[in-house]
Amino acid sequence: MKKVLFFLAAMLMIPMVHAAPEFKEGVNYDVVKQTGTAQPEVMEFFSYYCPHCATFEPIVEQLKAGLPEGVPLKKNPVAFLGREMGPEMQRAYAVASLLNAEAKLTPAIFTKIHTQRQPPMSRDDVKQIFVDNGVPAEEFDGAVDSFAVSGMVSQFDRNTESYNIRGVPAFLVNGKYMVKIESITSQEQFNQLVKFLLAKKD
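Residues numbered from 1 in each chain as written. Predicted model: local features only at pLDDT ≥ 70, side-chain atom pairs only at ≥ 80, totals over all residues. Heavy atoms only, no water.

Novice: So what about the nonpolar core? Which residues, and what values?
Specialist: By size, the foremost hydrophobic cluster in this structure holds 37 residues, and its most contacted members are F45, Y48, M89, F130 and I165. In terms of residue count, the dominant contributor to this core is helix α3 (residues 85-98) (seven residues). In this structure, F130 is in contact with A92, V95, A96, L105, V135 and F140, ignoring residues within four places of it in sequence. Y29, V71, L73 and V173 belong to the second-largest nonpolar core, a separate cluster that totals 19 residues. (Core = buried A, V, L, I, M, F, W, Y, C linked by side-chain atoms within 4.5 Å. Buried < 20%, exposed > 50% of the residue type's maximum accessible area, 1.4 Å probe, protein only. Helix = DSSP H or I, 4+ residues; strand = E, 2+ residues; numbered from the N terminus. Contact = heavy atoms within 4.5 Å.)

This is how it looks when you write it as structure tokens:
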């Protein structure tokens, strides 16, 4: 009987523990900078060529939907996957953002690469994905080598270097805390950890 009571007590405790988990440095996150960003933010480092990033996309969208009001989720494509097309796909993300088409283009690009197994091999291939998803070819051509897009790509590279990103997906909170992805076991835990780090003051 004591064993049964203990089991029931343990089961009752699980939702409480689950609702208020203890997150620890070195286990759930690492401190990568001593000084964070002026305002709360979440940054995802990713690559269109990364299958794990493609799998994580709906998880990221759910995270984004649950972030506190005014907290942005920024995406930072990296250049080190995809060989010569790595930098080209950084540029593709920047173009999609500039043309307010990123929400439509990112799923389409992931699908093209990981579901249809037809990765773009040239800028013309990239442009065709944009055209297939409603972006006029002339708009793509006008943006792809623009000063604004080139500036965004340079910032992506600076961020990647500054935070010593070697693998993706990687999630940086407030420019200071790097989520340890391997510690995540559920969407709820992921959301809670990010919110915990957003509110962390030290």
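Past the structure itself, the notes keep going.
Novice: Got a sec to walk through the layout of surface pockets? Specific residues and values, please.
Specialist: Counted as a void, the largest pocket has a volume near 190 Å³. If you go around the largest pocket, you meet 15 residues; those closest to its centre are D30, G167, A170, M178 and V179. Listing elements by their share of the lining of the largest pocket, those giving two or more residues are β4 (170-173) and β5 (177-179). Classifying every residue of the lining of the largest pocket by side-chain character gives nine nonpolar, two polar and four charged. What the second largest pocket holds in volume is close to 170 Å³. Surrounding the second largest pocket, G36, T37, A38, Q39, P40, N174, K176, Y177, L198, K200, K201 and D202 form its lining. (1 Å grid on protein atoms, 1.4 Å probe; cavity = no way out; pocket = protein on both sides within 12 Å on 5 of 7 lines; lining within 4 Å. Points joined across faces, edges and corners; volume = space filled by probe spheres on them. Nonpolar A, V, L, I, M, F, W, Y, C, P; charged D, E, K, R; others polar.)

Novice: A description of helix α2 (residues 51-66) should follow, citing residues and the corresponding values.
Specialist: Here α2 contains 16 residues, and its C-alpha end-to-end distance of 24 Å stays within 8% of the 22 Å for a straight helix at 1.5 Å per residue. Of all the residues in α2, the buried ones are C53, F56, E57, V60 and L63. Turning to α2, the residues buried within the fold contact β2 (42-46), β3 (73-77), α4 (102-115), β4 and α8 (187-199). (Expected span 1.5 Å × (residues − 1).)

Novice: Can you lay out helix α6 (residues 137-144) for me, pointing to particular residues and giving the numbers?
Specialist: Among the residues of α6, those classed as buried are F140, A143 and V144. Taken down its axis, α6 places every buried residue within 95 degrees of arc, on the same side. Set apart from the buried face of α6 by more than 90 degrees, the exposed residues are E138 and G142. (Arc of directions from axis to C-beta.)

Novice: Tell me about the packing of aromatic side chains, and name the residues and values.
Specialist: Per the counting criterion, the structure on display carries 13 aromatic pairs. For the pair F23 and F196, a centre-to-centre distance of 5.5 Å together with 50 degrees between the ring planes defines the contact as tilted. Of the two residues, F23 is situated in the loop between α1 (2-19) and β1 (29-31) and F196 in helix α8; the sequence distance between them amounts to 173 residues. One aromatic cluster in this structure is built from F46, Y48, Y93, F110 and F156. In this structure, K33 packs its charged tip against the face of Y163, placed 5.3 Å from the ring centre. (Phe/Tyr/Trp six-rings, centres within 6.5 Å; stacked < 30°, edge-to-face > 60°. Lys NZ or Arg CZ within 6 Å of the ring centre and 35° of its normal.)

Novice: Got a sec to walk through the sheet that holds β1? Specific residues and values, please.
Specialist: Spatially, the five strands line up as an open sheet ordered β1-β5-β4-β2-β3, and their pairing is mixed. Edge positions in the sheet fall to β1 and β3, since each has one partner strand and no second. Pairs of neighbouring strands in the sheet enclose a mean axial angle of 25 degrees, with direction left out of account. Of the pairings in the sheet, the one linking β2 to β4 comprises four bridges and is antiparallel in character. Directly across from E44, in β4, lies its bridge partner F171. (Pairing = 2+ DSSP bridges. Axes fitted to C-alpha atoms, helices over the stretch in contact; angles between N-to-C directions.)

Novice: Summarise the packing of α2 against α4; cite the residues concerned and give the values.
Specialist: At a minimum axis distance of 10 Å, the contact between α2 and α4 shows a crossing angle of 140 degrees. One finds that α2 runs oblique with respect to α4. The element α2 and its partner α4 pack so that their crossing is left-handed. For the pair α2 and α4, contact is made by P51, C53, A54 and E57 and by T106, F110 and H114, respectively. (Parallel < 35°, antiparallel > 145°, perpendicular 65-115°, else oblique. Left-handed = near helix turned anticlockwise from the far one by under 90°.)

Note that all results are geometric; they support no functional claim without further evidence.
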